[in-house]
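Residues per chain are reported as follows:
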Amino acid sequence: MAVEAKRGVEGTREGEWTPWSAVSGADASAAERVRRDFQIQTLRLIASISLAALCVLVARGVLVGGAPPWADLTNALLFAAIIFLLRRRPDWFRMLAWFGLASFLVNAFDGLMGHHDGAVAPFHALLPLLVLYGALLGELGMSLVAIGGVLAFYAGSLFFSGPVGQHDMLMLTNLCVTTVAAGLAGLGVWTLQKKFAQTLKVQAEDLQRELDARARLNAVIFHDIRNPLSVLI
C-alpha cells in the first residue's frame, strides 16, 4: 500500500491527484473479468467430463455392436470443439455454453427416440443434472431452459411409450419433482451469488473511495512540504 501511495503521490503535479484506480490498475470491470474467467474454467471442466463420458459410451457401443452410436460420437466431437475454442476464443463463452446445453438436450431426445422398452430408462435419472448446468455457470437462463427441456423430455416419454404402469408413472413423477427442486436450488444459488457479488462490489467501491481520499491527502501533504523544502534547499 505504501508503494502504491508513493506512486500516486509521484504522479501528481501542483496539488493535483491521481485516482487510485489509475494508480493501481484496478477498474470497474475487474470483478466481471474474474467472474467470466471462473465461468470459462467451469465450462471447460464440464466439457472435459462430458467428453470423457461420451467417449466411454462410444467405446461401449462399438464393443457391444449394433448400430454405431452416431449421436454420442457427434456430441463428443462437439465438446472437444468447445474445449478447443474456449482456449482460442474465450469471448465466445456464452455461445459455446448454449451449444453445450443444446447438445445435452438433443442427445437426450435422440435417446428417447431409440428407447422402446418402457416409459423410464436408466438415463432418465441423469437428466435433472442438466438443470445444474446453468447453476454451475451462474447463468439463470440456461437453468430455466434446461428445466423446460427436461420436463418436455419426461412428457415425451409418456407420449411415446404408450400405456404407462403405476411404477413408471411414480418414477417419472419423482423425476419431475427432482428436476423442479434442482431448478429451485439453482435459482437459490444464483440469487446468493448475485447478492454476494453486489456486497463485494459495494465494499470494493467503499475501499476505492477511501484509497482515493488517502492518495489525494498524500498528494496535498507532499505538495505542501515540497515547497518549503525547495526554499530551504
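Not measured: the values here are computed from a predicted model.

A. Quick peek at the confidence of the model for the protein chain. Chain-level statistics for the protein chain give a pLDDT mean of 75 and a share of 78% at 70 or above. Put simply, helix α2 (residues 20-24) is where the protein chain has its lowest mean pLDDT, 39, and helix α4 (residues 70-88) is where it has its highest, 87.

B. The packing of helix α6 (residues 129-137) against helix α8 (residues 166-232), seen in detail. Where α6 contacts α8, the axes come no closer than 9 Å and their chain directions differ by 5°. With respect to α8, the axis of α6 lies roughly parallel. On the side of α6, the interface is formed by Val131, Leu132 and Ala135, while α8 contributes Thr179, Ala182, Gly183, Gly186 and Gln193. Looking at the contact of α6 with α8 residue by residue, the class counts come to four nonpolar, four polar and no charged.

C. Structural context of a nonpolar patch on the surface. On the surface, Leu217, Ile221, Ile225, Leu229, Leu232 and Ile233 cluster together to form a nonpolar patch covering roughly 670 Å² of accessible area. On the accessibility criterion, Leu232 (71% relative accessible area) is exposed.

D. Focus on the packing of aromatic side chains. Applying the stated criterion across every chain yields a total of three aromatic pairs. Each ring, one from Phe79 and one from Phe104, has its centre 5.0 Å from the other, and the planes form 45°; the classification is tilted. With a gap of 25 residues between them, Phe79 in helix α4 and Phe104 in helix α5 (residues 93-113) connect regions that are remote in the sequence. Residue class for Phe79 comes out buried when judged on its relative accessible area of 2%. Pairing Phe153 with Tyr154 gives two aromatic rings, centres 6.1 Å apart and planes at 70°, and the pair type is edge-to-face. Overall, Phe153 belongs to the buried group, its relative accessible area being 1%.

E. Molecular detail of the nonpolar core. Judged by nonpolar contacts, the single largest core of 28 residues is most densely connected at Leu43, Ala97, Leu127, Tyr133, Leu137 and Tyr154. Not counting chain neighbours up to four residues away, the residues in contact with Tyr154 comprise His124, Leu127, Pro128, Leu172, Leu175, Cys176 and Thr179.

F. Main features of α6. Considered for burial, the residues of α6 that qualify are Leu130, Val131, Tyr133, Gly134, Ala135 and Leu137. Note on α6: the residue one or two positions beyond its end, Gly138, has a positive phi of about 70°.

G. Representation of the environment of Ser103 within the structure. Mapped onto the secondary structure, Ser103 falls in helix α5. With a relative accessible area of 6%, Ser103 lands in the buried category. Along the sequence, Ser103 and Asp72 sit 31 residues apart, while their C-alpha atoms lie 9.8 Å from each other. For Ser103, the contacting residues outside a window of four places in its chain are Asn75, Leu78 and Phe79.

Conventions we followed
- Residues numbered from 1 in each chain as written.
- Predicted model: local features only at pLDDT ≥ 70, side-chain atom pairs only at ≥ 80, totals over all residues.
- Heavy atoms only, no water.
- pLDDT = per-residue confidence, 0-100.
- Helix = DSSP H or I, 4+ residues; strand = E, 2+ residues; numbered from the N terminus.
- Axes fitted to C-alpha atoms, helices over the stretch in contact; angles between N-to-C directions.
- Parallel < 35°, antiparallel > 145°, perpendicular 65-115°, else oblique.
- Contact = heavy atoms within 4.5 Å.
- Nonpolar A, V, L, I, M, F, W, Y, C, P; charged D, E, K, R; others polar.
- Patch = residues over 30% accessible without salt bridge, like charges linked within 9 Å, V, L, I, M, F, W, Y side chains within 5 Å.
- Areas by Shrake-Rupley, 256 points an atom, 1.4 Å probe, with all protein chains shown as cover.
- Salt bridge = Lys/Arg side-chain N within 4 Å of Asp/Glu carboxyl O.
- Buried < 20%, exposed > 50% of the residue type's maximum accessible area, 1.4 Å probe, protein only.
- Phe/Tyr/Trp six-rings, centres within 6.5 Å; stacked < 30°, edge-to-face > 60°.
- Core = buried A, V, L, I, M, F, W, Y, C linked by side-chain atoms within 4.5 Å.

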